[in-house]
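# Examining the three-dimensional arrangement
So you can see what is in the structure, the chains are spelled out below.
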Amino acid sequence: MANGNKKHNGELRTCTWVWLIMILLTLVTYFSNTLGVSNLAISLGVLLLALIKGHLVGAYFMELRYVRGFWRWPITLWLLLPGTLISIAFYLTSG
Amino acid sequence: MEQSNRYPPGDLAIWIFILAELAIFGIAFVAYAFARMYNVELFNEYQQHLDRRSALANTLVLITSSYFVVRAVHAIREDNSRLCIRWLSAAMAMGALFLLIKGAEFAHHFALGINLSTNTFYMFYLFLAIFHFMHVIMAMIILAAIALKARRGGYSARDHRGVETGASYWHMVDLVWLILFPLVYVMH
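Residues numbered from 1 in each chain as written. Chains lettered and ligands numbered in written order. Predicted model: local features only at pLDDT ≥ 70, side-chain atom pairs only at ≥ 80, totals over all residues. Heavy atoms only, no water.

## Focus: the overall build of chain B
Each helix and strand in chain B was counted, giving six helices and zero strands. Helices (α) and strands (β) of chain B occur, in sequence order from the N terminus, as α-α-α-α-α-α. Taken along the three principal axes of its C-alpha coordinates, chain B extends 55 × 35 × 20 Å. Expressed as a percentage of its 188 residues, the buried residues of chain B come to 55%. Sequence separation of 24 or more characterises 80% of the internal contacts of chain B that already satisfy a separation of 6 or more. Approximately 7900 Å² of chain B is accessible, and the part contributed by carbon and sulfur atoms is 61%. The positive charge centre, built from 14 side chains, and the negative charge centre, built from 12, are 7 Å apart in chain B. (Helix = DSSP H or I, 4+ residues; strand = E, 2+ residues; numbered from the N terminus. Buried < 20%, exposed > 50% of the residue type's maximum accessible area, 1.4 Å probe, protein only. Contact = heavy atoms within 4.5 Å. Areas by Shrake-Rupley, 256 points an atom, 1.4 Å probe, with all protein chains shown as cover. Lys, Arg positive; Asp, Glu negative; His and termini not counted. Charge placed at Lys NZ, Arg CZ, Asp CG, Glu CD.)

## Quick look at helix α5 (residues 120–151) of chain B
Residue and element names in this part refer to chain B. Over its 32 residues, α5 extends 47 Å from the first C-alpha to the last, a length consistent with the 46 Å expected when each residue adds 1.5 Å. In this structure Asn 119 caps α5, since a side-chain oxygen of it lies 3.0 Å from the backbone nitrogen of Phe 121. Remark: Gly 153 follows α5 within two positions and exhibits a positive phi of approximately 80°. (Expected span 1.5 Å × (residues − 1). Polar contact = N/O pair within 3.5 Å; in protein donor to acceptor, adjacent residues only side chain to side chain.)

## Here we look at the pattern of salt bridges
Applying the stated criterion across every chain yields a total of three salt bridges over all chains. Its salt-bridge partner being Glu 63 of chain A, residue Arg 77 of chain B comes within 2.8 Å of it at the nearest N-O pair. With one member in each of two chains, Arg 77 of chain B in helix α3 (residues 52–77) and Glu 63 of chain A in the loop between α2 (40–61) and α3 (74–92) form a pair that bridges those chains. Each member of the pair, Arg 77 of chain B together with Glu 63 of chain A, is buried. The salt bridge involving Arg 77 of chain B is made with Glu 164 of chain B; its shortest N-O contact spans 2.8 Å. Separated by 87 residues along the polypeptide, Arg 77 of chain B in helix α3 and Glu 164 of chain B in helix α6 (residues 161–186) bring together distant segments of the chain. Assigned by exposure class, Arg 77 of chain B and Glu 164 of chain B land together as buried. Among the ionic contacts, a cluster of salt bridges with common partners joins Glu 63 of chain A together with Arg 77 and Glu 164 of chain B. (Salt bridge = Lys/Arg side-chain N within 4 Å of Asp/Glu carboxyl O.)

## Examining the confidence of the model for chain A
Overall, the predicted model of chain A reaches an average pLDDT of 90, with 89% of residues at or above 70. Per-element confidence in chain A ranges from a low mean pLDDT of 88 for helix α1 (residues 2–33) of chain A to a high of 96 for α3 of chain A. (pLDDT = per-residue confidence, 0-100.)

## Examining unusual backbone geometry
In the Ramachandran plot, Glu 63 of chain A falls in the positive-phi region, its phi being about 65° despite a non-glycine side chain. The backbone of Asp 79 of chain B sits at a positive phi, close to 65°, despite the residue not being glycine. Considering the arrangement of structural elements, one finds Asp 79 of chain B in the loop between α3 and α4 (81–111).

So this is what it looks like as structure tokens:
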């Protein structure tokens, strides 16, 4: 029982850190835009931060890190597939 | 939460629904990016007209609401229905704040006569934003139904699949916004 509570508290503490990290990454995303620079690297960097946040939501908040087999991967695939295609579209318009 | 489960938390049906929803949003995001290829200047110009501060506030609000839902799930796993209801209520309050901020943004656009046929950028922006807005409303209704059932003692540490099901849907709504925000408001 004590071990269960300890594990439970540890999971909650991890999720609190994940929340704080996502807040920080969101602020970085917002302020990157205030630099006023139209740059492919910045746009792709911002997209990468969004994909990392999406992974954190899937793995920690949706608890997919505890899932094995097929159901572990759909969120990751959902992030990677559109993420790659969006990156290609922005790359092609960067001149 | 036990290690190495075969299925994600909550009802499997909601996960099939979540994947279908994500597929629709994913296609719309890619369509936005490729439509932008043919209208780069138009997209860059009208993107500047959007209220980025509101979008930032809404991103922080949704991330926080998702964290509150995580707390609600943990509370019911500890057999604490009252705490679970409090966290669910806090998450719904965050959802209401999101709707308020986004509603004000829509009101501003509509007052200027902007609609889906104004131009290609606004067509994508309004479609994505309104479609997501409707999902937030739906997710709030689901959380409210769960909170009501929890109030009647419908969930416990042994049986809380309903809470996990609603939580998974709420996180999906958050997940979609996490991509929508940089794509439509920031990347140019």
